[in-house]
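Summary of structural features
Residue strings, one per chain:
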Amino acid sequence: GAVVSQHPSWVICKSGTSVKIECRSLDFQATTMFWYRQFPKQSLMLMATSNEGSKATYEQGVEKDKFLINHASLTLSTLTVTSAHPEDSSFYICSARRGLAGEDTQYFGPGTRLTVL
Amino acid sequence: AQTVTQSQPEMSVQEAETVTLSCTYDTSENNYYLFWYKQPPSRQMILVIRQEAYKQQNATENRFSVNFQKAAKSFSLKISDSQLGDTAMYFCAFMKKHAGANSKLTFGKGITLSVRP
């Protein structure tokens, strides 16, 4: 159990275009999902917390208008990188929180590699 | 604020041997979770083991066990009978308990473990 999918796994886009990344919890409901960014050989950097039915909470320094997050259902959150530029190229990872009694854990998607040309 | 420190950037171990990965943390909280996540070359983050702070018994999962020293704020991971598939980056992480919808993970910088054949 606790499977999280992410789509697409790899995307290449032109500078100035927008890219949408989907994160789904496949076998549990997740009222909270998280979006991270990771550079090679580095730790995960939390970008935002996505709560179902409400606005996302962004970490300091993350541009809300560039990284749009929508959490429309208990199993789906999306991250849209708007007007992407080469500096947005990175590995983006989502996680979904399963908050069962006695077991509050984040399970991660496989990640999306974004390359902006 | 919480901090998680993984001071060893890299380690290497011979196949079938035992290795211990170190992690220390700093917090003023009394109720929290600690995690070890594994990130192999595929970059999929995988939960290895979880420990609740109020449980004195060290968590174990097959070949993986932890040495949780609450007073010393230390949370090391022991991998027994190392296998080639254990080659990965390992992250130690902290999460406050009962933090509601914004239960964030605080990650260490990670350690790269290489298992030698």
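Placed above this text is the structure.
Report follows, based on the coordinates.

**A short note on the state of the cysteines**
Within this structure, the stated rule accounts for two disulfides over all chains. One disulfide in the model links Cys-23 of chain A with Cys-94 of chain A; its S-S distance is 2.0 Å. On the sign convention where negative is left-handed, the bridge of Cys-23 of chain A and Cys-94 of chain A, at about 80° about the S-S bond, is right-handed. With Cys-23 of chain A in strand S3 (residues 19–25) and Cys-94 of chain A in strand S9 (residues 90–100), this pair connects stretches of sequence that are 71 residues apart. Exposure class is identical for Cys-23 of chain A and Cys-94 of chain A. Each is buried. In this model Cys-23 of chain B forms its disulfide with Cys-92 of chain B; the gap between the sulfur atoms is 2.0 Å.

**Digging into the pattern of salt bridges**
If you walk through the whole model with that rule in mind, you get eight salt bridges over all chains. Notably, a salt bridge pairs Asp-104 of chain A with Arg-97 of chain A, separated by 2.8 Å at the nearest N-O pair. Residue classification places Arg-97 of chain A among the buried positions, given a relative accessible area of 14%. Where Glu-52 of chain B meets Lys-55 of chain B, a salt bridge forms, and the shortest distance between an N and an O atom there is 3.9 Å. Connected via shared salt-bridge partners are Glu-52, Lys-55 and Lys-97 of chain B.

**Overview of the layout of surface pockets**
Considering only enclosed or pocket space, the largest pocket measures out at about 260 Å³ in volume. Along the walls of the largest pocket sit Gln-38, Pro-40, Lys-41 and Gln-42 of chain A together with Gln-39, Pro-40, Pro-41, Arg-43, Thr-87, Ala-88, Met-89 and Thr-112 of chain B, which together make up its complete lining. Classifying every residue of the lining of the largest pocket by side-chain character gives five nonpolar, five polar and two charged. Reported here for the second largest pocket is a volume of approximately 210 Å³. Looking at the lining of the second largest pocket, the elements with two or more residues in it are strand S6 (46–52) and strand S7 (60–61) of chain B. A per-element tally of the lining of the second largest pocket places S6 of chain B first, with six residues. Classifying every residue of the lining of the second largest pocket gives four nonpolar, five polar and four charged.

**Focus on the interface of chain A and chain B**
Contact residues are listed per partner, giving 28 residues for chain A and 22 residues for chain B. When residues of chain A are sorted by the area they lose upon contact with chain B, Ser-43, Asp-104 and Phe-108 of chain A head the list and together hold 24% of the total. Here chain A is connected to chain B by one salt bridge. Put simply, Glu-59 of chain A and Lys-104 of chain B hold a salt bridge, and the shortest N to O gap is 2.8 Å. Where chain A touches chain B, the interface holds eight residue pairs in polar contact (both at pLDDT 80 or more). Within the residue set of the side of chain A that touches chain B, elements represented by two or more residues are strand S4 (32–38), strand S5 (44–51), S9 and strand S10 (103–108) of chain A. Ranked by residues supplied to the side of chain A that touches chain B, first place goes to S10 of chain A with six residues. Counted by class, the side of chain A that touches chain B contains eleven nonpolar, eleven polar and six charged residues.

Conventions used here
Residues numbered from 1 in each chain as written. Chains lettered and ligands numbered in written order. Predicted model: local features only at pLDDT ≥ 70, side-chain atom pairs only at ≥ 80, totals over all residues. Heavy atoms only, no water. Disulfide = S-S within 2.5 Å. Helix = DSSP H or I, 4+ residues; strand = E, 2+ residues; numbered from the N terminus. Buried < 20%, exposed > 50% of the residue type's maximum accessible area, 1.4 Å probe, protein only. Salt bridge = Lys/Arg side-chain N within 4 Å of Asp/Glu carboxyl O. 1 Å grid on protein atoms, 1.4 Å probe; cavity = no way out; pocket = protein on both sides within 12 Å on 5 of 7 lines; lining within 4 Å. Points joined across faces, edges and corners; volume = space filled by probe spheres on them. Nonpolar A, V, L, I, M, F, W, Y, C, P; charged D, E, K, R; others polar. Contact = heavy atoms within 4.5 Å. Buried area = accessible area lost by both parts, 1.4 Å probe. Polar contact = N/O pair within 3.5 Å; in protein donor to acceptor, adjacent residues only side chain to side chain.

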